[in-house]
Amino acid sequence: MKKIVLLSLFFQFSFAQTDARLYDIIQSISTQRIEADIKTLANFGTRNTFSDTISNKRGIGAARRWIKSEFDKVSKDCNNCLDVFYQKDFVTTNDGERVPKDTWIVNVAAVQKGTKFPNRYIIMTGDIDSRNSDTMDFTADAPGANDNATGMAGTIEAARVLSKYNFENSIVYLGLSGEEQGLFGGKGFAEFAKKNNWEIIGVLNNDMIGNIEGVDGVIDNRTFRIFSEPTPITETEKERKNRRFYGGEVDGISRQLARYIHKTVAAYMPEMNPMMVYRLDRFGRGGHHRPFNDLGYAGVRIMEAHENYNRQHQNLRTENGIQYGDVIEGVNFEYANKLTAVNAITLASLASSPSEPKNVLIGGIVEANTKLKWEKPNDDSIIGYKIYWRLTTSPQWENSRFVGNVDFYELKGIVIDNYYFGVAAVSKNGHESVVVFPNDIIRTTFKRN
């Protein structure tokens, strides 16, 4: 009887590998709406964090009020399904070298509450602010068409599309300010989330998702980068010591989130080429996922693969026949559509995912088999668990086995020394949690029930 039940679970899981809603979501992303929103943001002249806050036509004040009005429209269209609000923190000239005057850092958030786990959040962010060559210059034009009107427009568009659906977990569509001055917006909102005891599944930071023509001459409208740090900066000394002996140098929570995105794109958008970059951000630089990482949350940066530095952080000008400045002509709207879709299907998948297994342990030292043990979360949507393993040099999970609704499993003939392992929960709807890497070893003999 037990074999029949397990077989039934296996077939139920096998035939639920794809969610038809995700294909509909991809098709629903509108290039025309994204283009219109990018142009609107660029037409505010400058969105420098310290620019005009009174005008309705120019400056960051006008931009953030417009963003909130768009979120309000989305909420009205979905019967007030979004909680739209400002979140703000005050900064002074003592808070950083890029703060020319005291001001409020104002973020705009729209929260779509989950039907089952409203305190579990997946967050998509875009930056509101822009800059020119001198980040302290808050009066000159800085249209910021690609950096980062594209990420903000993509976030608004994701809200428009995903608000038509219900999800078990909550989704946050978030516009962040103060990125160019020191990641102030992300820092403030991450602290807000922590103060309110949010359980954050992951943060998708979108910063420049509209350029396909690199300064190196490469033109590519399929490839995009996913930046993720290897291990959490908040790890304990015990976790650091364990890693030296048990491995896991590239298996932190942000790296597992990056792998989840890669896997989701491969399944639903195989025409795209996600490029995993094993680094927090571009060399020596930073993005708005970092403040979340700093507090122990999983977070990645999604962006174009080929940057054009002539269009980033530049005053509008022409020198020696070269046009400088982040203007609308440098944005490929179809590409921005694709990367918005990448975010939207990832948000939908994670918002539909079950709770992760807890306290995953591993054993099998000097044995022929590998054992995995975990704690089941309180989630009746879980149909079972899936064990993943890969060669230690492989960037992606290569092998997997659905093992049913158990809390212990022994992989026969799989030697622990040659692979890395992880465990994911699988829900009745076919969605999986992010893979959880073991955090310690099984220190006592454990027999399967």
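The structure presented is a predicted model; accordingly, all values stated were derived computationally and were not measured.

Q: With reference to specific residues and values, describe the packing of helix α3 (residues 31-42) against helix α5 (residues 145-162).
A: Running from N to C, α3 and α5 cross one another at 135°; their axes reach a closest spacing of 8 Å. The pairing of α3 with α5 is recorded here as oblique in orientation. Of the two elements, α3 crosses α5, and the hand of that crossing is right-handed. Where α3 approaches α5, its residues Arg33, Ile34, Asp37, Ile38, Leu41 and Ala42 are matched on the opposing element by Ala145, Ala149, Thr150, Met152, Ala153, Ile156, Glu157, Arg160 and Val161. Counted by class, the contact of α3 with α5 contains ten nonpolar, one polar and four charged residues.

Q: Tell me about the packing of α5 against helix α11 (residues 333-351), residues and numbers included.
A: With their axes 9 Å apart at the nearest point, α5 and α11 run at an angle of 45° to one another. Our classification of the angle between α5 and α11 gives oblique. In this structure, α5 crosses over α11, and the sense of that crossing is right-handed. Contact residues: α5 offers Gly154, Glu157, Ala158 and Leu162, while α11 offers Thr340, Ala344, Leu347 and Ala348. Of the residues assigned to the contact of α5 with α11, the class counts are five nonpolar, two polar and one charged.

Q: Can you explain the sheet that holds strand β11 (residues 358-363)? Please cite residues and give values.
A: Pairing is mixed across the open sheet formed by four strands, whose spatial order is β15-β12-β11-β17. Since the sheet does not close on itself, it has two edges, and those belong to β15 (408-411) and β17 (440-441), each with one partner. Across two bridges, β11 lies against β17 in parallel orientation. Directly across from Leu361, in β17, lies its bridge partner Asp440.

Q: I'd like a description of the nonpolar core, backed by residues and values.
A: Counting 69 residues, the largest nonpolar core has Ile67, Phe71, Leu162, Tyr173, Phe224, Ile261 and Leu347 as its most contacted members. If one sorts the elements of this core by residue count, α11 sits on top with twelve residues. Those residues in contact with Phe71 that sit more than four places away from it in its chain are Leu82, Val84, Val108, Ala110, Met152, Thr155, Ile156, Ala159 and Tyr173. Listed in part, the 18 residues of the second largest apolar core include Tyr409, Leu411, Ile416 and Phe421.

Q: Break down the pattern of salt bridges for me, citing the residues and quoting the values.
A: Following the criterion strictly, the structure yields 32 salt bridges and no others. Two residues, Asp379 and Lys116, come together in a salt bridge whose shortest N-O distance is 3.5 Å. Taken as a pair, Asp379 in the loop between β12 (370-375) and β13 (382-391) and Lys116 in the loop between β2 (103-112) and β3 (117-127) lie far apart in primary sequence, 263 residues in all. The exposure class of Lys116 is partly exposed, given its relative accessible area of 33%. The salt bridge partner of Arg290 is Asp294, with a shortest N-O separation of 3.8 Å. Residue Arg290 and its partner Asp294 are located together in helix α10 (residues 290-294), separated by four residues, close to a single helical turn. Relative accessible area serves as the criterion here: at 39%, Arg290 is assigned to the partly exposed category.

Q: Quick one: what's the story with the sheet that holds β2, residue by residue and with numbers?
A: Pairing within the open sheet is mixed, and its eight strands lie in the order β1-β2-β4-β3-β5-β8-β6-β7. Since the sheet does not close on itself, it has two edges, and those belong to β1 (82-91) and β7 (273-277), each with one partner. Neighbouring strand axes in the sheet, compared pairwise and without regard to direction, differ in orientation by 25° on average. As paired elements, strand β6 (residues 223-227) and β7 share five bridges and run parallel to each other. By the bridge assignment for β7, Phe227 is matched with Val277. Lying on the sheet, helix α7 (residues 184-195) is in contact with β1, β2, β4 (169-176) and β5 (199-206); it crosses β1 at an angle near 115°. Of the strands in this sheet, β5, β6, β7 and β8 (299-304) are in contact with helix α9 (residues 253-268), which crosses β8 at around 45°.

Q: Just give me the short version of α7, but keep the residues and values in it.
A: The first and last C-alpha atoms of α7 sit 16 Å apart over twelve residues, in line with the 16 Å expected at 1.5 Å per residue. The complete set of buried residues in α7 reads Phe184, Gly185, Gly186, Gly188, Phe189, Ala190 and Ala193.

Q: Before we move on, can you summarise the state of the cysteines with the specific residues and values?
A: Per the stated rule, a full pass over the model turns up one disulfide. A sulfur-sulfur distance of 1.9 Å marks the disulfide that ties Cys78 to Cys81. Disulfide Cys78 to Cys81: torsion about the S-S bond roughly -85°, handedness left-handed. Cys81 sits in the partly exposed class, given a relative accessible area of 24%.

Conventions and cut-offs
Residues numbered from 1 in each chain as written. Predicted model: local features only at pLDDT ≥ 70, side-chain atom pairs only at ≥ 80, totals over all residues. Heavy atoms only, no water. Axes fitted to C-alpha atoms, helices over the stretch in contact; angles between N-to-C directions. Helix = DSSP H or I, 4+ residues; strand = E, 2+ residues; numbered from the N terminus. Parallel < 35°, antiparallel > 145°, perpendicular 65-115°, else oblique. Left-handed = near helix turned anticlockwise from the far one by under 90°. Contact = heavy atoms within 4.5 Å. Nonpolar A, V, L, I, M, F, W, Y, C, P; charged D, E, K, R; others polar. Pairing = 2+ DSSP bridges. Core = buried A, V, L, I, M, F, W, Y, C linked by side-chain atoms within 4.5 Å. Buried < 20%, exposed > 50% of the residue type's maximum accessible area, 1.4 Å probe, protein only. Salt bridge = Lys/Arg side-chain N within 4 Å of Asp/Glu carboxyl O. Expected span 1.5 Å × (residues − 1). Disulfide = S-S within 2.5 Å.

In short, the description is geometric, and any link to function would need to be established separately.
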